[in-house]
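# Structural overview
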Amino acid sequence: MKRNTKDVEASHRKMSRRALFLGGLQLAFAGGLAMRMRHLQVDQADQFRLLAEENRINIRLIPPARGQIYDRNGMILAQNSQSYRITIVPEDAGDVDAVIERLSRLLPLDPEDIERAKTEMRRSPPFLPITLADQISWDDISKVAVNAPALPGITPEVGLTRVYPQREDFAHVVGYVGPVSDYDLSKLTDPEPILRIPRFQIGKVGFEAKVETSLRGKAGAKRVEVNATGRVMRELDRREGEAGADMQLTIDAELQSYTQARLGSESASAVLIDCESGDVQAIASAPSFDPNLFVRGISVADYRMLTEDKYRPLANKTVQGVYPPGSTFKMITALAALEEGLIGTEETVWCPGHMEVSGRRFHCWKRAGHGHVDLNTSLKSSCDVYYYDLAIKVGIDKISAMAKRFGLGVRHDLPMSAVAKGLAPNRAWKSETYGQDWLVGDTVNASIGQGYMLASPLQLAVMTARLATGRSVEPRLVKSIDGVEQPGGAGEAMDINPNNLRTVRKGMYSVSNERRGTGYGSRIIAEGMRMAGKSGTSQVRNITAAERAAGVIRNEDLPWERRDHALFVAYAPYDRPKYATAVVVEHGGGGSKAAAPIARDVLLQALYGGTPPLEAYPTKDRSRIQAQQERLERERLKRDRGEDSEQA
């Protein structure tokens, strides 16, 4: 009995300690709960009051700065510039039309911009800002700020926009950006969210479009608190984006500007390649246009003016245009025959002015003929009959294969829009394309760069660089990306007999430096600068037998669009090739008259790194060249001042 009493007392003591422990835990929990409730109800009362009204946290994208584009010497070609703009938030404005009407009293608004903004409003949420006016002055921004109480929903903003300081000189190379359109989005299976930012700019054509992903960069983000209607209440935090990569092109801006000016008002193109590296140092298409017009959306009037111009200023003729190469192709036919061992350099062909093939007469450009012609003379005088004879001996398949080895009928991988493949046809191509057999007459036409044969100025420049060096030169447009040098295009030695190449080069030298050469009138006389070249004239119409009997109508007497294309390819210096060029003047007539002088002048400009001395030109041409140089310099100064240039 006594023992039981002790057990009861011990049990009571244990229960008291347990009760005290449990009570302490309950008190601590209640205290912590009270403190937490105080923190939520007092310290964070404002934040949770907003959340209680159905606020939510949104992630908003921050557009990255677009990568800039430079020429080979660091001159800016495409840059980002601060621009002032006026935006409107429709839900804040209330009566949008009334607000826009009041705004138009303060600053001039383009009706097209207003209509475009209203279209965006109809397809965008009412809380998103829509641009009403872009690239306005600081004075206009000040007017809007002063009158802010009377302009609900209107906000002046500062943003970045693309600017092309070189304007027309690089329009076809760099291209331009513009706002993302529904069409742009429809071409993508899974568009990035950043592309849905109103008025976000992407590359539309040219280099801007081809390297869009690298230039665009990566978007940043900010966390913002918005209410139930989507209006931003405050910004919580921000993570900046990653700017796009800066690109350096191989083009020399000064040389490009000169080349563009030298083409003048012609519908023409010119390409100049560094033979040692493959760098494209000039690639100009004329006429050109101001790419800045497209950045924010070109007006209907300006666009119509460009599209209705018969000289097609929007087309990049250097890579998109394909033309029968005419006699500039004759070196390829000659090499195909030389490599097969079918001709010797001293062998001659009789040219009476025509050749009968399968019952059809194929004419030489010289009606009376050239008489006995060897390989060197055939190039110097551009005898067609000589190449008709070669073509029948060697066949189209070997001619086509040689053309492709020299870069014709091959699409060169340059980051430019719509780079054409051209055409170096053969028997299989005609069978697959037309379901027809290849004819001997097709081979005869192809031998002088006519018929189905097509090449772009870029391809002709590559062909010339390979002829000059004996290497498989590849054109390169990007010199560096974010300062990292890109692979060059010098190329490996071609598997062509060096003696055969020397034979062809000697013929090209005769073209430009011997009195009966078709390019003699546009020769370079400076020692160590002599050029080797080849003229070409490609027909765009058929000459009937009746016309030939009566006398072929001169190009000058034909409508512009029916005249022959004028071509010239060349490299210099002859004994240590540095640059190769190709010039095409659409409907320019004879290549030696219209294209050769341009090619000569562009080569000299590159060789001297600026305006060449008059002593580099034949004496009889110096006064004319001096006047031309002075005029082009005036043109350059006017372009630098942003004025309209006189016709070249």
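These notes cover the structure that comes with them. For clarity, every value in this text was computed on a predicted model and none was experimentally measured. (Residues numbered from 1 in each chain as written. Predicted model: local features only at pLDDT ≥ 70, side-chain atom pairs only at ≥ 80, totals over all residues. Heavy atoms only, no water.)

### Section: the overall build of the protein chain
Of regular secondary structure, the protein chain possesses 24 helices and 21 strands. Buried positions account for 50% of the 648 residues belonging to the protein chain. Once local pairs closer than 6 in sequence are excluded, the contacts in the protein chain between residues at least 24 apart make up 72%. With an accessible surface of roughly 31,100 Å², the protein chain has 51% of that area assigned to carbon and sulfur atoms. (Helix = DSSP H or I, 4+ residues; strand = E, 2+ residues; numbered from the N terminus. Buried < 20%, exposed > 50% of the residue type's maximum accessible area, 1.4 Å probe, protein only. Contact = heavy atoms within 4.5 Å. Areas by Shrake-Rupley, 256 points an atom, 1.4 Å probe, with all protein chains shown as cover.)

### Side note on the state of the cysteines
One pass over the full model with this rule turns up zero disulfides. Of all cysteine sulfurs, the one in Cys383 lies closest to Cys351, which takes part in no disulfide; the gap is 3.6 Å. (Disulfide = S-S within 2.5 Å.)

### Points about the nonpolar core
Among the nonpolar cores identified, the biggest contains 97 residues, and Tyr386, Phe406, Met463 and Leu467 are the most heavily contacted of them. Sorting elements by how many residues they give to this core places helix H19 (residues 457-469) first, with eight residues. Apart from the residues lying within four places of it in its own chain, the contact partners of Phe406 are Ile332, Leu335, Gln459, Val462, Met463, Arg466, Leu467, Met494, Ile496 and Leu501. Ranked by size, the runner-up nonpolar core spans 34 residues in total, among them Ala566, Ala570, Ala596 and Ala599. (Core = buried A, V, L, I, M, F, W, Y, C linked by side-chain atoms within 4.5 Å.)

### Side note on the environment of Glu101
When you line up the elements, Glu101 lands in helix H4 (residues 96-106). Residues Glu101 and Leu151, spaced 50 residues apart in sequence, show a C-alpha to C-alpha distance of 9.9 Å.

### Concerning the packing of aromatic side chains
Considering all chains together, one arrives at twelve aromatic pairs under this definition. Centroid distance Trp438 to Tyr452: 5.9 Å. Interplanar angle 45 degrees. Geometry classified as tilted. Within this pair, whereas Trp438 is found in the loop between helix H17 (427-434) and helix H18 (440-447), its partner Tyr452 is found in the loop between H18 and H19, the two being separated by 14 residues in sequence. For Trp438, a relative accessible area of 9% puts it in the buried group. Owing to a relative accessible area of 25%, Tyr452 belongs among the partly exposed residues under this scheme. Taken together, Tyr176, Phe289, Phe294 and Tyr303 form an aromatic cluster joined through their ring pairs. Stacked on the ring of Tyr520, the Lys or Arg Arg523 has its end atom at 3.9 Å from the ring centre. (Phe/Tyr/Trp six-rings, centres within 6.5 Å; stacked < 30°, edge-to-face > 60°. Lys NZ or Arg CZ within 6 Å of the ring centre and 35° of its normal.)

### Notes on the pairing of strand S15 (residues 360-363)
Two elements, strand S14 (residues 354-357) and S15, share four bridges in a ladder whose sense is antiparallel. Each bridged residue has a counterpart across the sheet, and for Met355 the counterpart in S15 is Phe362. The hairpin turn running from S14 into S15, its antiparallel successor, is two residues long, and Ser358 in that turn takes a positive phi close to 50 degrees. (Pairing = 2+ DSSP bridges.)

### Describing the packing of helix H11 (residues 253-263) against helix H23 (residues 596-608)
Where H11 meets H23, the closest approach of the two axes is 10 Å, and the angle between their N-to-C directions is 160 degrees. Taken together, H11 and H23 sit at an angle that is classed as roughly antiparallel. As H11 packs across H23, the resulting crossing turns out to be right-handed. Contacts from Leu255, Tyr258, Thr259, Arg262 and Leu263 of H11 reach H23 at Pro597, Ile598, Asp601, Val602, Gln605 and Ala606. In terms of residue class, the contact of H11 with H23 is made up of seven nonpolar, two polar and two charged. (Axes fitted to C-alpha atoms, helices over the stretch in contact; angles between N-to-C directions. Parallel < 35°, antiparallel > 145°, perpendicular 65-115°, else oblique. Left-handed = near helix turned anticlockwise from the far one by under 90°. Nonpolar A, V, L, I, M, F, W, Y, C, P; charged D, E, K, R; others polar.)

### Let's talk about the side chain of Glu212
With respect to the helices, strands and loops of the structure, Glu212 is situated in helix H10 (residues 212-216). The class of Glu212 is buried, set by a relative accessible area of 7%. When neighbours within four sequence positions are excluded, Glu212 is seen to be in contact with Arg66, Ile202 and Gly203.

### Quick notes on the packing of H4 against helix H5 (residues 111-123)
Where H4 contacts H5, the two axes come as close as 13 Å, and the packing angle between them is 155 degrees. The angle between the axes of H4 and H5 places the two elements in the roughly antiparallel class. Between H4 and H5 the crossing geometry is right-handed. Of the residues in H5, those in contact with Val96, Asp97 and Ile100 of H4 are Ile114, Lys118 and Met121.

### Observations concerning helix H6 (residues 138-146)
Three or four residues apart is the spacing at which side chains of an α-helix point the same way, because the helix has 3.6 residues per turn. Turning to H6, its buried residues are Asp140, Ile141 and Val144. The arc enclosing the buried residues of H6, seen along the axis, measures out at 100 degrees, which places them on a common side. Opposite the buried face of H6, at more than 90 degrees from it, the exposed residues are Trp138, Asp139 and Val146. Tucked inside the fold, the buried residues of H6 contact strand S3 (76-88), H4, strand S4 (130-136) and strand S5 (154-163). (Arc of directions from axis to C-beta.)

### Describing the environment of Ile130
Topologically, Ile130 is positioned in strand S4. Given the relative accessible area of 1%, Ile130 is considered buried. It is 8.1 Å that separates the C-alpha atoms of Ile130 and Pro90, two residues lying 40 residues apart in sequence. Dropping the residues within four chain positions of it, Ile130 is found in contact with Ile86, Thr87, Ile88, Ala117, Glu120, Met121 and Ser124.

### Some thoughts on unusual backbone geometry
Cis peptide bonds are those with omega within 30 degrees of zero, and the linkage from Ala286 to Pro287 qualifies with -5 degrees. Relative to the helices and strands, Pro287 resides in the loop between strand S12 (280-286) and helix H12 (300-307). A cis amide bond links Ala572 with the next residue in sequence, Pro573, at an omega value of -10 degrees. Phi at Arg312 takes a positive value of approximately 55 degrees, unusual for a residue other than glycine. Summarising the element assignment, Arg312 is placed in the loop between H12 and helix H13 (330-339). Classification of Arg312 as partly exposed rests on a relative accessible area of 38%. Backbone geometry at His587 places phi at a positive 55 degrees, although glycine is not the residue there.

### Some details on the environment of Ser382
For Ser382, the position within the fold is in the loop between helix H14 (375-381) and helix H15 (384-394). Here Ser382 falls in the buried class, since its relative accessible area comes to 5%. Expressed as a C-alpha distance, the spacing of Ser382 and Gly536, which sit 154 residues apart in the sequence, is 8.5 Å. Other than its neighbours up to four places away in sequence, Ser382 contacts Ser327, Lys330, Trp365, Thr377, Thr518 and Lys534. Polar side-chain contacts of Ser382 include one of 3.1 Å to the side chain of Ser327. (Polar contact = N/O pair within 3.5 Å; in protein donor to acceptor, adjacent residues only side chain to side chain.)

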